[in-house]
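Geometric and topological summary
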Amino acid sequence: MRWNGAGALALMAGLAVSLGFAQPATAQGSGSATLDAAKTRAQILCGISGQVPGFSLPDSQGVMRGLDADTCRAIAAAAVGDATKVKFVPTTTQNRFTALQSGEVDLLSRTTTWTLGREGNLGLLFAWVNYYDGTGFLVKKSSGVDSAKKMDGATICVQPGTSTELAIADFYRVNKMKFTPILIQDLPELQGAFLSGRCDAYSTDASALATFRFSQGPKAADLVLLPEIISKEPLGVMVRKGDDKWFDIVRWTFIALITAEEKGVTAANVDSMLTSTDPDIRRLLGVDGDLGKALGLDNKWAYNVIKQVGNFGEMWDRNITPMGVPRSINNLWTKGGLQYAPPMR
Amino acid sequence: MTDATTAPRVRPPASVVGPWAWLRANLFKSWLSTATTLVLVYLIGRGLLGLIDWGFVNAVWGVPYNAQGVPDTASCHAAKGQGACWAIIADKYRLILFGRFPFDEQWRPAVAVVLFIALYVFSAIKGVWRKGIDSPLLRTAAAIAVVTVLATNVVGWLGGILGLPTVLGDILHLIDIVARYASGVLLLFVWPAIGVWVVVLSAIFVLMAGGVYGLSPVAVDSWGGLPITLILATFGLAFAFPLSILVALGRRSTQMPAVKMICVLYVELIRGVPLISVLFMASVMFPLFMPPGVNVDKLLRAQIAVILFAAAYLAEVVRGGLQALPKGQAEAADALGMTYWQKTGLIVLPQALRLVIPPLVNTFIGFFKDTSLVLIIGLFDLLTMGKIALSDPPWQAFPTEVYIVLALIYISFCFAMSKYSRGLERELNQARGR
C-alpha cells in the first residue's frame, strides 16, 4: 500500500494537475471561496474532536454538544443563516491539521492551542480564542492544601510526555521547591492512583481536572482545584491561510458573540433588542449600518447567530458550567476575564 | 421370541455407568481429587454468586433525571463495588449501537444490522451457494451489468474531478441505476447467493445513506457504532477473500514472473507495515495527493485500506493450502486436459481451501476485531462509541458495565463465526475424518 497506493495516487494527482483540471475554486460574489462553497452546499464543514466533554461530545441522542460544537453552529448561523447547517467532521490529534489544509473542513474548532509554530509553519490562522485553559492541580480537601506554592516536596500524578510534565517542572524550578512526579500513561490508572492516595496531587489541564472532579459525583466535594494555573493553553478556532474573507467571518462572528454578552443581548431578548436605542446594539443586529455587508454576509448575520445560538455567556452556561468549571479568566474583561471584544463599527 | 434362551437384560449397576459413576471416576477418585473438587466448587460458586449479586441483585437499573435531562447518578455511585450500574446502558445504548445517526431515524441502522445478521445466517445455510440457471447468455449479461456498474462509477468519480458536463453525468447516472437493478436481478438467477448478497448490501447502503425512496440523506460522518463495524468487516472480508485467492495463485504462478513479482511485493509490503500506518496513509496522506476540493469519502478510504490489508494476510493462508496439496492432483487434472481455470476452480481450490479453514477463520475473526482501529482516523465504530459514551461526565465512573456489554456483542459475533467454521470443517472433511 505504501508504495503501490501512494505511487498510483501521486501519479493520478500529478496527471490531474498537469492537465490543468484541478483548478482551485474561483472566488466570485462574496470574495471568499470557502464562503461560496459553504453557501452552495448550504452547510459548513466543521472539524471537531467529538470526544471531549464540555467541548464536543455526542449526547445520548447522538447530538453533538459542547462549546466547540456551538462555535461551529454560530459560524453556520452567520455564514449560511442556519445554525443547524453544520456537518460535524470528527478529527483526531493526528489528522486535524491535514483535514483543514486539504479542505476536508472549513474550520477547526477542536481544543487546539494557539502557538507560533502552528501559525507560522502549518499555513493555518487562529481566528479567536474560545477557551483560555492552563495546567492546574487537583488535591484532596483532607490534605488542607489551598495553594500550589504550599506543595513543597509533594508527589504529583502526571501523564508522561505531556506539556503538563514540562509546566510542573518549570513551576517548581522557578519557585525553588522540590516534587516527586509519578508518571502513569493510562488516564484511568492515573486517576485511580490519585484517588487511592498514591500521590498528593493530580495535574493536567484545568478544564480536564474540573471535569474529572465533576465525574466523581457525591465525592467531588472531597477534591479541591487549586487556584494557580501555571501554563498558558489558549484554545482557538482555526482556518486556512489564503482566504482572508473567511477568516474575517469566523473571527468577527466570535467577536459578535462576546459583544452580545457585553451588551446583554441574549437569544431570548434579541427580538426586543431590535428596537433598542443603543447604537452599538443597533449596529450589531444590523438595524443600522452595513457591518454584515463588509464581511460579505447579510446584515442580519449577528442577529441570526444570537437568535439561534445565544451569546458567548449562554454558550458557556450551557456547556461548561455543567462540568463544574468556574468562568474565571474566560469571563468578559469587564468582569476580570480576558475576553475583550474590539469595537464593532 | 427367544426369551427363553437369553438372560434377562439387566442395567449395569449405577456405580459403573451413569452420572454418579462419572462423578466418582472423574471428580472424587481419591482424597486429593475430592479435596480439589470441593475447593474448586466453593471458589466457582462464590464467584458466581458474587457475579449474580453484582450483576442482578444489587444492580442499579435506572436513575432519576433532572429538568435539564442530566442524570443524577448518586444511586450508582452508592452501589459502586457492590452492584452494577446498568443505568448507563439504558441511557447510552442507542448512542453506542448507532452513534450520531439522527435519533428519530435510528430504525434505519437497526434494520441494517438485522439485515447483516440475516445475511450471515442465510450464507450459513447448506446448499445456498449452488449455482443457479446454467445459461451462458444470462451469465454474460450479468457480467456485463456488473462491469457497467463499476465502469459508470469510476467514470462518474473521475468526471467529478475533471469537471465533465452535467448532462453527461446525468446520462451516466441513469445507466448506472439501470445496470444496478439489472445486475442484481441477473445475479439472482445466475448465482442466487451472490445475487442475494448484492441486493441485501445495496439495501443496507440505501438504508444508511438515504436520499432516495423518501429517506432523508444521512452523511457518512454521522454513521457510527455497530453498523460501521459490520460494514468494515463484511465488505472488507467479502472483497479481500477473492482478492487473496488471486494473489495466492499469482504468487505461485510459474508462467508469469511479472505477476508473481507484483504479488510477492504486494504481500510483503502490506505485511511489513502495521494496519494503523495503512489507515493513517489513507486518512492523512491521501487527501494531500488529491487536487483541492476533491474528497474521497473517509469510510471508503478506510474500507479500501482494510480490504488491501486483509487480502495480504489471507493470501498467505490460502497459499499455505495450495502448498499442502499434493502435486499429483494438479498433474492428474493436466492429464485430463483441463484448462488452468478448470483445474484451479474444480480440483485445486476446493481441496486447498478446506485444508485452511481454521487459519482462514482465525484471520477473519482477527480482522473483525481489528476494525476498531479506524478510531485513529476519526471513524467511530462500536468500541469507540462505547468509549465516547463513557466520556460523558456523569457516567465516567462506570466503564466496567459498558465494556462488559461491548465484550458480549463482540463475543457473540466471533463465537458464531468460529462455531460455523467448525461445522463447515466437519461437513467438508467427512471423507478424511474416518
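Since this is a predicted model, take the numbers as computed values, not measurements.

Observations regarding the overall build of chain B
Assigned secondary structure in chain B consists of 17 helices and zero strands. Radius of gyration (C-alpha) of chain B: 28 Å, far over the 22 Å computed for a compact globule of 434 residues. Taking the principal axes of the C-alpha coordinates as reference, chain B spans close to 85 × 80 × 50 Å. A total of 434 residues make up chain B; the buried ones form 41% of that total. Sequence separation of at least 24 residues holds for 74% of the intrachain contacts in chain B that already meet a minimum separation of 6. Accessible surface computed for chain B: about 24000 Å², of which carbon and sulfur atoms make up 71%. With 32 positive and 21 negative side-chain charges, chain B shows a separation of 12 Å between the mean positions of the two kinds.

Re the interface of chain B and chain A
Between chain B and chain A, the residue contacts involve 50 residues of the former and 42 residues of the latter. Summed over both sides, the interface of chain B with chain A buries roughly 3900 Å², with 67% coming from carbon and sulfur. For chain B, the biggest contributors to the area lost against chain A are Arg100(B), Phe289(B) and Pro393(B); these three give 15% of the whole. Where chain B touches chain A, the interface holds two salt bridges. A salt bridge links Glu104(A) to Arg301(B); the shortest N-O distance between them is 3.9 Å. Joining chain B to chain A, the criterion identifies five residue pairs in polar contact (both at pLDDT 80 or more). Secondary-structure elements contributing two or more residues to the side of chain B that touches chain A are helix H3 (74-79), helix H4 (87-98), helix H6 (136-162), helix H10 (257-272), helix H11 (275-289), helix H12 (298-324) and helix H16 (382-391) of chain B.

Re the sheet that holds strand S11 (residues 223-225) of chain A
Residue and element names in this part refer to chain A. Strands sit in the order S9-S8-S10-S7-S11 across an open sheet of five strands; the sheet is mixed. The open sheet is flanked by strand S9 (179-183) and S11, the only strands paired with a single partner. Mean inter-strand twist for the sheet, computed between neighbouring axes without regard to direction, equals 30 degrees. Relative to S9, strand S8 (residues 154-158) is paired through five bridges, and the arrangement is parallel. The residue of S9 that forms the bridge with Cys 157 is Ile 182. Contacting strand S7 (135-140), S8, S9, strand S10 (201-205) and S11, helix H7 (residues 187-195) crosses the sheet at an angle of about 145 degrees to S10. This element, helix H8 (residues 206-215), spans S7, S10 and S11 of the sheet and lies at about 125 degrees to S10.

What about the packing of helix H9 (residues 244-262) of chain A against helix H13 (residues 301-309) of chain A?
All names here are of chain A. Put simply, H9 and H13 touch, their axes get as near as 10 Å, and they point 60 degrees apart. Taken together, the axes of H9 and H13 are oblique relative to one another. Note on packing geometry: the crossing formed by H9 with H13 is right-handed. From H9, Trp 252, Thr 253, Ala 256, Leu 257 and Ala 260 reach across to H13, where they touch Trp 301, Ala 302, Val 305 and Ile 306. Taken together, the residues that form the contact of H9 with H13 break down as eight nonpolar, one polar and no charged.

Let's talk about the domain arrangement of chain A
Residues and elements named next belong to chain A. Taken domain by domain, chain A comprises domain 1 (33-132 + 234-335) and domain 2 (135-231). Placing a centre on the C-alpha atoms of domain 1 and another on those of domain 2 gives a separation of 32 Å. Across the contact, seven residues belong to domain 1 and four residues belong to domain 2. Around 480 Å² of area is buried between domain 1 and domain 2 when both sides are counted, 68% of it from carbon and sulfur atoms. Broken down residue by residue, the surface that domain 1 buries against domain 2 is led by Pro 322, Met 323 and Val 325, which jointly contribute 53%. In this assembly, domain 1 and domain 2 are joined by zero salt bridges. Seen at the junction of domain 1 and domain 2, the total is zero residue pairs in polar contact (both at pLDDT 80 or more). The residue inventory of the side of domain 1 that touches domain 2, partitioned by class, reads six nonpolar, one polar and no charged.

Section: the state of the cysteines
Residue and element names in this part refer to chain A. Under the defined criterion, the tally for this structure stands at three disulfides over all chains. Between the sulfur of Cys 46 and that of Cys 72 lies a disulfide, 1.9 Å long from S to S. Residues Cys 46 and Cys 72 share a disulfide whose torsion about the S-S bond is about -65 degrees; that sign makes it left-handed. Of this pair, Cys 46 sits in strand S1 (residues 44-48) while Cys 72 sits in helix H3 (residues 67-80), and the two are 26 residues apart along the sequence. Assessed through its relative accessible area of 0%, Cys 46 is described here as buried. Across the disulfide from Cys 157 sits Cys 199; the S-S distance is 1.8 Å. Across the S-S bond of Cys 157 and Cys 199 the torsion is about -85 degrees, and the bridge reads as left-handed. Placement of Cys 157 in strand S8 and of Cys 199 in the loop between H7 and S10 is noted, with a sequence separation of 42 residues between them.

A closer look at the nonpolar core
Ranked by size, the top nonpolar core spans 96 residues in total, and within it Trp223(B), Leu279(B) and Leu322(B) carry the most contacts. For this core, the element with the highest residue contribution is H12(B), accounting for 13 residues. Setting aside residues up to four positions removed in sequence, Trp223(B) forms contacts with Phe101(B), Phe205(B), Met208(B), Ala209(B), Val218(B), Ile228(B), Ile231(B) and Leu299(B). Among the nonpolar cores identified, the runner-up in size contains 62 residues, and Leu107(A), Leu125(A), Trp128(A) and Leu257(A) belong to it.

Let's talk about the sheet that holds S1(A)
Residue and element names in this part refer to chain A. The sheet built from five strands is open, its strands ordered S4-S1-S5-S12-S6 with mixed pairing. The open sheet has two edge strands, strand S4 (86-90) and strand S6 (124-133), and neither has a second partner. On average, adjacent strands in this sheet sit at an angle of 25 degrees to one another, irrespective of strand direction. In terms of strand pairing, S1 meets S4 through five bridges, oriented parallel. Looking at the pairing, Ile 44 lines up with Val 86 of S4. The sheet strands contacting H9 are S1, strand S5 (107-113), S6 and strand S12 (233-240), and the helix crosses S6 at an angle near 20 degrees.

Definitions and cut-offs
- Position numbers for residues count from 1 along each chain, tracking the sequence in the order it is written.
- Naming scheme: in the order in which they are written, chains are lettered from A and ligands are numbered from 1.
- Local features in this predicted model are restricted to residues whose pLDDT is 70 or higher, and side-chain atom pairs enter the listing and the counts only when it is 80 or higher, whereas totals over whole chains, interfaces and linings include all residues.
- With hydrogens and water excluded, all non-hydrogen atoms of the structure serve as input to the side-chain values.
- What counts as a helix is a DSSP run of H or I of at least four residues, what counts as a strand is a run of E of at least two, and both are numbered from the N terminus.
- Radius of gyration: C-alpha atoms only; globule rule: 2.2 Å multiplied by the number of residues to the exponent 0.38.
- Exposure is judged per residue with a 1.4 Å probe applied to protein chains only, and the accessible area is read against the type maximum: over 50% gives exposed, under 20% gives buried, and values in between give partly exposed.
- Here, two residues are considered to be in contact whenever any of their heavy atoms come within 4.5 Å of each other.
- Per-residue accessibility takes into account occlusion by the displayed protein chains alone, with areas from the Shrake-Rupley method and a 1.4 Å probe.
- All tallies of charge rest on Lys and Arg as positive and Asp and Glu as negative; His and the ends of each chain are not included.
- Each charge is placed at NZ for Lys, CZ for Arg, CG for Asp and CD for Glu.
- For any pair of parts, buried area is found by adding up, for both, the accessible area (1.4 Å probe) each one loses once the two are put together.
- Put simply, a salt bridge is a Lys or Arg side-chain nitrogen that is within 4 Å of an Asp or Glu carboxyl oxygen.
- Identification of polar contacts relies on pairs of N or O atoms within 3.5 Å, with a donor-acceptor requirement for protein atoms, meaning one able to donate a hydrogen and the other able to accept it, and with residues adjacent in sequence counted only if both atoms are side-chain atoms.
- Think of it this way: DSSP has to see at least two bridges between two strands before they count as a pair.
- Between N-to-C directions, angles cover 0 to 180 degrees, with each direction set by a line fitted to C-alpha atoms, over the stretch in contact for helices.
- Every angle not falling under 35 degrees, over 145, or within 65 to 115 is termed oblique; those three ranges are roughly parallel, roughly antiparallel and roughly perpendicular.
- Should the near helix be turned anticlockwise from the far one by less than a right angle, the crossing is left-handed, and should it be turned clockwise, the crossing is right-handed.
- All amino acids are sorted into three groups, where Ala, Val, Leu, Ile, Met, Phe, Trp, Tyr, Cys and Pro are nonpolar, Asp, Glu, Lys and Arg are charged, and the leftover types, Gly among them, are polar.
- What counts as a domain boundary in this text is fixed by an automatic or database domain assignment.
- The definition used for a disulfide is geometric: two cysteine sulfur atoms within 2.5 Å.
- For our purposes a nonpolar core is just a set of buried Ala, Val, Leu, Ile, Met, Phe, Trp, Tyr and Cys residues, chained together by side-chain atoms within 4.5 Å.

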